[in-house]
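# Descriptive analysis of the structure
So the chains spell out like this:
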Amino acid sequence: MSSQPAATKRRMQQEGTGPDDEDQQQQRRRCLPEWMTLDKDSHTKTPVATEISGKIPKWLNGNLYRNGPGVFSVGNQKLEHLFDGLALVHRFLIYDGDVSYQSRILDTDTWTRSCKANRLVSSQFATYAYPDPCKSLFDKIMSYLLPINPNDMTDNTAVNVIKHGDKLYAVTDTTVLNEVDPETLKQTATVDLHDTVAVHMATAHPHFDTDGTMYNLGTSFNPMSAYSIVAIPPKHPDTPDEDVFQKAYQLTTIPSRFKMHVSYGHSFGMSAEYFVLLEQPLALNIVKLLTMNWRREGIASNFVKFPEEEILFHVIRRSDNQRLPVSFKADPGFCFHFINCYEEEEHLVVDLCCYEDVGIVEEFFLENLADKADIPPATFRRYVLPLNVTEADPEVNLVDMADSQATAHMVSPGVIHCSPDYITEDKTVIDLPRINYEQCNGKKYRYAYGISKQGKKQKLVKVDVEKREAAYWRETGQSPGEPIFVARPGASTEDDGVVVSAVLSELPDAPSFLVVLDAKTFQELGRATIPWGVKMAMSIHGSFIPDNNTGT
């Protein structure tokens, strides 16, 4: 067996200097699901009618927008990681019990130039792109020599679709936001937060305040100001054409605890009174980052695991944007997604989907997804952070909330170690979590919805955090996506509404569909089946925009 690192071996194969593993690559590609083998003609630009079975509630009127990696090859070049896939935006048009479906490959600069060159021209998360053949010899040489060439940075935003003001944006964990036309799904403009604030990355999961302000976690490659909370103001009705992103500003900055490294974060928490950031033991090596072009590798090659380091919670007061002086720590692990945060009885409750494996990102290389089905799962963990504690006996559990199994001990002055409450006895497996955001974000809540997966079996889950119970929806051979809660107009309770999920069929004789569940009972109400011959790729995140428009 070769002793070469996997990234080096992949690079050599791309350059044609490594061993011929074409048979192995072909075998892996045969193992990939259909949604990983779509091409540039696989999208559905014009809405097509779906076949309705069961009953779609008449009140459910609007657009469900989804986003995810849709294309994993350009010309003969195969992309390497799930996070590399080029963006495909989906739209389900739901009105009066009927549903139509359309999709479009997002026509970013990366996509347009790659199609022209018939290969990838901007490096993605893990796949390195060689200099654009249209460049001059000097530009090609500089592409290798410059540490990071801004002109070669990808604008591929393949993770989420959000709304800010009256506009839709496709986003990912970079500073780029691509504005998307709500009807044609074409890209209409590009915004880069880096033009306004000193951050190099931002999460795909911003939060929104009641006044319309958007907040995000920005990461800088300067370890002295590694993490920032960035605010983007709402649009003012008197200046509808104003570019609010030009008014983005930083509320606070926090230095990295790691020397010459900055931690990776995909989301963050916001309660009524606090922002919560996780500094996790998976970090980008700044020196390696500055030399990745020389090494001809993607950004994934710069990650370093610190498996012995604890998770560090940074808690920031929203009233004065100051970090609490107490350090809250937890055992090593990794979290992509916060579920919710809220205050209760002088405690800050932080609910997360956590993996035991610090390096879980490595599991999403396509060769791993093809070779093994059992990706380690994330579990529902509730951490309870005691507030206003300055000193305490190390033996005393500082969590005194009723019915909580979480613990917190001041292990040294100013340092509190927290252990989670797993909510259910079977440690519910959950990721891609959603809640009733409008009613409950930053507040005490009862229900969370998500994906529960063990091995090849994927199902939808509803967690009742009060009763500590979980309910499931599953169907053999079907792979449901992120569930999105939509409240019924005039809803009187937290789960009065429906849950919608785009479901990928893994069966050769069954098409994909949109399923609509009663959020209370978690039973299927109806589904909208995609016509034969229409392909639907995987989507990761998205938004439901009610009333068939994108206005506020």
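For the structure itself, consult the block above.
Rules and cut-offs
- Residues numbered from 1 in each chain as written.
- Predicted model: local features only at pLDDT ≥ 70, side-chain atom pairs only at ≥ 80, totals over all residues.
- Heavy atoms only, no water.
- Helix = DSSP H or I, 4+ residues; strand = E, 2+ residues; numbered from the N terminus.
- Buried < 20%, exposed > 50% of the residue type's maximum accessible area, 1.4 Å probe, protein only.
- Contact = heavy atoms within 4.5 Å.
- Areas by Shrake-Rupley, 256 points an atom, 1.4 Å probe, with all protein chains shown as cover.
- Pairing = 2+ DSSP bridges.
- 1 Å grid on protein atoms, 1.4 Å probe; cavity = no way out; pocket = protein on both sides within 12 Å on 5 of 7 lines; lining within 4 Å.
- Points joined across faces, edges and corners; volume = space filled by probe spheres on them.
- Nonpolar A, V, L, I, M, F, W, Y, C, P; charged D, E, K, R; others polar.
- Axes fitted to C-alpha atoms, helices over the stretch in contact; angles between N-to-C directions.

This paragraph deals with the overall build of the protein. Within the protein, the regular secondary structure consists of eight helices and 38 strands. Burial status across the protein gives 56% buried among its 552 residues. Once local pairs closer than 6 in sequence are excluded, the contacts in the protein between residues at least 24 apart make up 61%. Accessible surface, the protein: about 23,800 Å² in total, of which carbon and sulfur atoms supply 50%.

What follows is about the pairing of strand β22 (residues 311–317). Extensive coverage of β22 is indicated by the burial of six of its seven residues. Inspection of the sheet shows strand β19 (residues 274–279) paired to β22 by six bridges, in the antiparallel sense. Looking at β22, one finds that Val-276 is bridged to Val-315. Relative to strand β23 (residues 327–330), β22 runs antiparallel, the two sharing three bridges. By the bridge assignment for β23, Phe-313 is matched with Phe-328.

In total, this model carries three cavities of 30 Å³ or more according to the counting rule given. In this structure, the largest cavity encloses a volume near 80 Å³. Lining the largest cavity are 13 residues; nearest its centre among them are Val-171, Leu-177, Leu-193, Thr-203 and Asn-216. Class assignment of the residues belonging to the lining of the largest cavity gives a composition of eight nonpolar, five polar and no charged. Estimates place the volume of the second largest cavity at around 60 Å³. The wall of the second largest cavity is formed by Asp-173, Met-201, Ala-202, Thr-203, Leu-217, Thr-219, Ser-263, Tyr-264, Gly-265 and Leu-284. Mapped onto the lining of the second largest cavity, the elements with two or more residues apiece are β12 (201–202) and β14 (214–219). In terms of residue class, the lining of the second largest cavity is made up of five nonpolar, four polar and one charged.

The backbone of Asn-388 sits at a positive phi, close to 60 degrees, despite the residue not being glycine. Summarising the element assignment, Asn-388 is placed in the loop between β26 (379–386) and β27 (407–412). On the accessibility criterion, Asn-388 (65% relative accessible area) is exposed. Residue Lys-427 is not a glycine yet carries a positive backbone phi of 50 degrees. Within the secondary structure layout, Lys-427 lies in the loop between β28 (415–419) and β29 (431–434). In this structure Lys-427 comes out as partly exposed when scored by relative accessible area, which is 41%.

It is worth spelling out the sheet that holds strand β21 (residues 303–305) at this point. The antiparallel open sheet is built from three strands, whose spatial order is β17-β20-β21. The two strands at the open ends of the sheet, each matched to only one other strand, are β17 (261–263) and β21. For this sheet the average axis-to-axis angle between neighbouring strands, irrespective of direction, equals 40 degrees. Here three bridges tie β17 to strand β20 (residues 282–285), and the two strands are oriented antiparallel to one another. Within β20, the residue paired with Val-262 across the bridge is Leu-284.

Note that all results are geometric; they support no functional claim without further evidence.
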